[in-house]
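Observations on chain architecture
Chain by chain, the residues:
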Amino acid sequence: MPVQKVNDSSDLDAKVPPHLQCTSITSLTTTSEPSHRCVKARVVHKGPVISCVQKDGIEMLRAEIKEEDPLQRTAEHTSINVIFFGTLAKDFSQSARQGDVVLLADFTIKKSPSFLRDKLHPCQLEMDGKDACVYAKYTYVPLNNLKPKTVVNIYGVVTFFKQPFPSKGSDYCSTLKITDQTDVKVGCNIFSKKLEDHPVIFRVGDIIRLHRFKTEMFRDSMSLLNTYGWSTVTFDGTIDSPVVPRTSSKSFHFGESDIRMVLELRQWAANQSWISNDLTVSLSSVQPGMYFDLTCQLLAKAVMDSRCILLKVWDGTKCRHPLLNVAVASDALEGESTVAKDRMNLTANVLVYDNHLEVARDLKPGTFLRFYNLHTLLQRAPDQLPDQPEHLSFHLHGGTSYGRGLRSLPAESPALQSLKSVLEKHVDLDVYDEVNDGTLLEIWYTPPEAVVLPNDEETDTEADSGPSYTVRMCEHNTRQLTLARVKRSTPPLSCHVRARVKKYRPQQLYQCLKLFCSNCKTMKDVPDDSAVAKVFRESAKDSQPCDEQWAATSSASSREPGRTISMHISRDMVGESTHMQLIFVEGTTLDEICVLSRDYKNLVPVRSVNGRMTLMDLTAPFLFSGDKRYYGCKQCSLNTFQNPVFTGVETWDEQAVAEALGVQLMQYRLLIQFELEDQTDTLEALLWENAERFFHVSAVDASGSQDLQDKIQTTMDTIQPPDSSLEERPWLDLCLSVYTVKDDDRNKVCYQITNTEIKEE
């Protein structure tokens with residue numbers, strides 16, 4: 001039988017079978033009848049598992065146990081050797097540790113061959129039979145008593161945590177920091193393939209119990225790592241809340257000693273200053289630019305694209321700022337209507353990105369959840385007038401910095417009691433969500449068939465003579481050709497066509513934004529935030545502030561121990577306004593430099609190499625300017641940063657910064673491929689050089705503006721309405737350029753849309 005663990009001495013006593021009598025170690029002799037006896041004692045020494053030559057190499061382990069009964073402490077021979085054999089030896093090695101109280105039953109008593117040498121009991125106990133069993137009481141180690149390379153059991157209060165995230169291998173990883181009454185703080189990493197095995201932590205201040213964790217030294221600090229047979233149990237850290245264990249395990253032990261430990265830690269933590277730094281706020285208290293935690297209920301959700309999911313949530317409180325209503329078709333929304341709540345400024349539209357999508361996809365409307373490190377920004381709604389106030393938007397950015405993430409909360413969680421009370425006051429709002437279809441259409445989106453075009457009432461004309469959604473801006477005096485005729489024509493040629501959009505690529509329109517080098521003609525995708533964030537993380541590792549004679553430097557400690565953020569500025573620019581300065585930033589994360597860029601116009605991220613300042617890998621932007629990021633071409637950039645010249649420049653724009661740093665500036669471009677169709681044929685045409693004019697949108701402005709990206713999406717949804725037939729789509733009057741390019745030594749005919757614009761009302 002394997003070693004079985006219990007939490008309390010009373011639980012240990014309860015394990016004594018009725019037919020056994022608990023006996024003292026001092027009363028044991030070789031003539032004692034062991035079949036009716038058991039022994040309770042503390043482990044004072046545990047040896048390694050070795051092979052026993054006398055028993056054909058079977059595994060064995062020797063341990064020393066000492067009498068626990070205070071009445072026997074003055075007696076002789078209160079300690080005795082115990083020999084474990086076979087699987088029990090291995091199990092005892094992994095499960096029991098020095099200091100544990102154990103109960104041994106069904107042992108045999110033999111003469112001790114080491115009695116004269118170790119001065120212990122003249123007998124020894126052997127645990128060899130199939131009925132031999134061991135019960136061990138867990139012993140918990142204070143954090144200030146941890147020793148490296150030992151397996152321990154721990155109780156602590158959570159001071160920081162990250163929700164489980166995919167590691168570089170096949171496991172998920174949880175990261176947390178804990179403390180206890182000794183005021184020592186210890187980091188802990190937990191790796192497991194199953195999400196449900198990870199600790200269920202809701203907030204800083206929760207109590208956690210760790211079993212069988214290995215201690216390790218990492219960067220001169222003690223840390224904990226789960227090992228064989230590990231388990232965790234968490235508890236709410238709020239005083240007077242029920243002591244209810246949270247765990248997915250079906251075989252965990254929980255007794256009176258656990259309750260006492262949790263209550264003691266709650267009382268101690270409640271008097272600590274750091275426990276009051278709870279970042280959870282209500283919507284009514286949210287301010288622009290905040291990073292905070294939000295406890296709320298999910299009303300509805302919608303997939304925006306492959307990297308973003310919209311979660312519509314509320315907590316029953318009304319935000320002081322107008323909330324941004326993210327446009328989404330009603331048939332794409334999963335969950336209840338939120339029309340009445342939207343009108344009352346009760347609904348927060350949270351955009352969830354990148355690594356958090358896996359959790360967001362599994363959430364069901366009605367679920368209670370908590371966001372960690374949620375970010376608020378002021379944005380203009382589409383078609384909003386300049387004199388109208390900006391709206392508050394909510395973003396759960398990618399990554400796990402500062403514990404960023406989200407998780408569902410069980411409906412019975414004590415932390416939800418106050419939230420439920422507030423929500424119950426708004427139960428009557430559901431009545432007002434029963435609005436007519438016309439109201440829904442007005443709020444969610446403008447249907448394509450409602451777009452007003454000239455002569456739209458002429459429905460009896462021929463199929464190709466209806467109104468056009470575009471207008472040609474060229475001066476060509478040429479007649480209109482069918483697509484079949486265009487495909488038979490000999491390039492080069494400029495012509496007019498009238499067609500509908502059969503389909504377009506990329507379907508995810510954020511992918512149509514490209515970076516183009518005018519020097520080497522290279523075109524590439526804009527790097528996603530995870531790739532850029534990785535470059536920043538790597539550059540910040542062990543970064544030491546550089547020392548340049550031309551620069552004035554200021555430094556500040558980051559939230560992460562051991563990392564320093566430095567800002568450098570040319571001494572020639574000291575005293576100028578922040579909009580005239582060029583500031584070099586070292587040691588930041590991507591999130592941090594994005595926050596800084598709201599206050600400083602030109603930020604150049606740098607790193608230190610051998611004490612000298614140099615640019616970061618050009619996978620990352622070389623310049624942050626407000627909401628815009630500018631990239632350099634890796635092939636064409638010279639990187640003359642070793643001897644920079646910053647004088648004689650009146651205005652620092654992206655071109656001036658690139659020239660000063662020896663960087664070949666890459667231009668933002670929009671690239672879309674249309675498949676056009678008329679009554680005669682189909683044809684694939686690129687929209688590239690004319691794309692900005694076509695959409696009335698600047699590519700570089702669109703790179704930093706969600707509103708402009710939404711404008712492009714709205715245009716595409718009008719050209720090709722979702723789930724529409726070809727006959728329902730508007731006609732486009734296009735100017736088409738026909739030309740040839742070399743493709744594997746063959747001439748390939750290509751078509752590009754030029755000199756065409758979307759009609760604006």
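Another aspect to go through is the overall build of the chain. Along the chain, the regular secondary structure elements total 16 helices and 40 strands. For the chain, the proportion of its 761 residues judged to be buried stands at 48%. Within the chain, residue pairs in contact and separated by at least 24 positions form 65% of the contacts whose partners lie at least 6 positions apart.

Here the focus is the side chain of histidine 211. Note on placement: histidine 211 falls in strand 14 (residues 207–218). Of note is the side chain of histidine 211, whose polar atom sits 3.4 Å from the side chain of arginine 209.

Now for the sheet that holds strand 27 (residues 523–525). Across the sheet, which stays open at both edges, the three strands sit in the order 27-26-35 with antiparallel pairing between neighbours. The open sheet is flanked by strand 27 and strand 35 (667–670), the only strands paired with a single partner. On average, each strand axis in the sheet is inclined to that of its neighbour by 40 degrees, with strand direction left out of account. The pairing of strand 26 (residues 513–516) with strand 35 spans four bridges and is antiparallel.

Below, the discussion takes up the side chain of arginine 266. Tracing the backbone shows arginine 266 in helix 4 (residues 256–270). One buried charged residue, arginine 266, remains without a salt bridge, the closest side chain of opposite sign being aspartate 236 at 5.0 Å. Apart from residues lying up to four places away in sequence, arginine 266 is in contact with Ile207, Asp236, Gly237, Thr238, Ile239, Asp240, Ser241, Pro242 and Val243.

Looking now at the pattern of salt bridges. Close approach of charged atoms allows side chains of opposite charge to pair. Enumeration according to the criterion identifies 18 salt bridges in this entry. Aspartate 681 serves as the salt-bridge partner of lysine 487, at 3.6 Å between the closest nitrogen and oxygen. Taken together, the residues span a long stretch of sequence, with lysine 487 in helix 10 (residues 483–488) and aspartate 681 in the loop between strand 36 (672–677) and strand 37 (682–687) at a distance of 194 residues. Residue class for aspartate 681 comes out partly exposed when judged on its relative accessible area of 26%.

This next bit is on the sheet that holds strand 12 (residues 172–179). Pairing within the closed barrel is mixed, and its five strands lie in the order 11-12-13-15-14. The sheet shows a mean angle of 50 degrees between the axes of neighbouring strands, direction not considered. Where strand 12 and strand 13 (residues 185–192) come together, eight bridges link them in antiparallel fashion. Bridged to isoleucine 178 within strand 13 is valine 186. Lying over the sheet, helix 4 contacts strand 11 (151–166), strand 12, strand 14 and strand 15 (221–235), oriented at roughly 65 degrees with respect to strand 11.

By the burial criterion, the buried members of helix 2 (residues 87–95) are Leu88, Ala89, Asp91, Phe92 and Ser95. The arc that holds every buried residue of helix 2, seen down its axis, measures 170 degrees, which confines them to one face.

Moving on to the packing of aromatic side chains. Going through the model one piece at a time under the given rule, you end up with nine aromatic pairs. Between the aromatic rings of phenylalanine 84 and phenylalanine 92, the centroid separation amounts to 4.2 Å while the plane-to-plane angle is 20 degrees, which identifies the pairing as stacked. The pair phenylalanine 84 / phenylalanine 92 is uniform in exposure class, with both members buried. A centroid spacing of 6.5 Å and a plane angle of 70 degrees characterise the contact between phenylalanine 292 and phenylalanine 394, whose relative ring orientation is edge-to-face. Of this pair, phenylalanine 292 sits in strand 16 (residues 291–305) while phenylalanine 394 sits in strand 21 (residues 391–396), placing them 102 residues apart in sequence. Each of the two residues, phenylalanine 292 as well as phenylalanine 394, counts as buried. Ring-pair connections join several aromatic residues into one group, and the members of that group are Phe674, Phe694 and Phe695. Note that lysine 55 overlies the ring of phenylalanine 85, its terminal NZ or CZ placed 4.0 Å from the centroid.

Geometrically, the link from proline 491 to proline 492 is a cis peptide bond, its omega value of 0 degrees lying close to zero. Within the secondary structure layout, proline 492 lies in the loop between helix 10 and strand 25 (493–505). Between arginine 505 and proline 506 the backbone carries a cis peptide bond, its omega angle lying at -5 degrees. Among the structural elements, proline 506 can be located in the loop between strand 25 and strand 26. For aspartate 183, which is not a glycine, the phi torsion comes out positive at approximately 70 degrees. Within the fold, aspartate 183 resides in the loop between strand 12 and strand 13.

Time to look at the pairing of strand 37. The side-chain alternation of strand 37 yields one buried face, formed by Leu683, Ala685 and Leu687, and one unburied face, formed by Thr682, Glu684 and Leu686. Both strand 36 and strand 37 contribute to a ladder of six bridges, which runs antiparallel. Note that in strand 37 the partner of glutamate 677 across the bridge is threonine 682. Joining the antiparallel neighbours strand 36 and strand 37 is a turn of four residues.

Once that is clear, we can look at the pairing of strand 22 (residues 405–409). Burial analysis of strand 22 places four of its five residues in the buried class, the great majority of the element. The pairing of strand 20 (residues 368–379) with strand 22 spans five bridges and is antiparallel. Note on strand 22: the bridge partner recorded for arginine 370 is arginine 407.

A separate point is helix 13 (residues 654–661). Along helix 13, the residues that are buried comprise Ala656, Val657, Ala658, Ala660 and Leu661. Of the surrounding secondary structure, the elements contacted by the buried residues of helix 13 are strand 30 (583–586), strand 31 (603–609), strand 32 (612–615) and strand 33 (623–625). Positioned one or two residues after helix 13, glycine 662 has a phi angle of 75 degrees, which is positive.

The nonpolar side chains of a soluble globular protein tend to be buried, and buried together. By size, the foremost hydrophobic cluster in this structure holds 56 residues, and its most contacted members are Val486, Phe674, Leu676, Phe695, Met716 and Leu736. Looking at which element gives the most residues to this core, the answer is strand 25, with five residues. Here phenylalanine 674 is in contact with Val501, Lys503, Tyr504, Leu683, Glu684, Ala685, Leu687, Met716 and Ile753, once residues within four sequence places are set aside. With 29 residues, the next largest nonpolar core counts Ile154, Ile190, Phe202 and Phe213 among its residues.

This part is about the environment of aspartate 118. Summarising the element assignment, aspartate 118 is placed in helix 3 (residues 115–118). Between the C-alpha atom of aspartate 118 and that of asparagine 81, which follows or precedes it by 37 residues, the distance is 9.7 Å. Reaching out from aspartate 118, the side chain makes a polar contact with the side chain of asparagine 81 at a distance of 3.1 Å. Polar side-chain contacts of aspartate 118 include one of 2.6 Å to the side chain of serine 114.

Here the focus is the environment of leucine 416. Within the secondary structure layout, leucine 416 lies in the loop between strand 22 and helix 7 (417–424). Of the residues examined, leucine 416 reaches a relative accessible area of 0% and is grouped as buried. Sequence-wise, leucine 416 and cysteine 296 are 120 residues apart; in three dimensions their C-alpha atoms are separated by 8.7 Å. Discounting chain neighbours no more than four positions away, the residues touching leucine 416 are Thr295, Phe368, Leu409, Pro410 and Ala411.

In this model, the chain carries an average pLDDT of 82, and 87% of its residues clear a pLDDT of 70 or more. Predicted confidence for residues 430–463 stays below pLDDT 50, and this span has 46 contacts to residues more than four positions away or in other chains.

Further remarks concern the state of the cysteines. Throughout the structure, instances matching the rule amount to zero disulfides. With no disulfide of its own, cysteine 495 lies closest to cysteine 735 among cysteine sulfurs, the gap being 7.2 Å. Judged by relative accessible area, which is 1%, cysteine 495 ranks as buried.

What follows is about the environment of leucine 294. Assignment of secondary structure puts leucine 294 in strand 16. For the pair leucine 294 and tryptophan 314, spaced 20 residues apart in the sequence, the C-alpha separation amounts to 9.5 Å. Ignoring anything within four residues of it in the chain, the contact list for leucine 294 reads Val281, Leu283, Val313, Asp315, Leu369, Arg370, Phe371 and Leu374.

Definitions and limits used
- Residues numbered from 1 in each chain as written.
- Predicted model: local features only at pLDDT ≥ 70, side-chain atom pairs only at ≥ 80, totals over all residues.
- Heavy atoms only, no water.
- Helix = DSSP H or I, 4+ residues; strand = E, 2+ residues; numbered from the N terminus.
- Buried < 20%, exposed > 50% of the residue type's maximum accessible area, 1.4 Å probe, protein only.
- Contact = heavy atoms within 4.5 Å.
- Polar contact = N/O pair within 3.5 Å; in protein donor to acceptor, adjacent residues only side chain to side chain.
- Pairing = 2+ DSSP bridges.
- Axes fitted to C-alpha atoms, helices over the stretch in contact; angles between N-to-C directions.
- Lys, Arg positive; Asp, Glu negative; His and termini not counted.
- Salt bridge = Lys/Arg side-chain N within 4 Å of Asp/Glu carboxyl O.
- Arc of directions from axis to C-beta.
- Phe/Tyr/Trp six-rings, centres within 6.5 Å; stacked < 30°, edge-to-face > 60°.
- Lys NZ or Arg CZ within 6 Å of the ring centre and 35° of its normal.
- Core = buried A, V, L, I, M, F, W, Y, C linked by side-chain atoms within 4.5 Å.
- pLDDT = per-residue confidence, 0-100.
- Disulfide = S-S within 2.5 Å.

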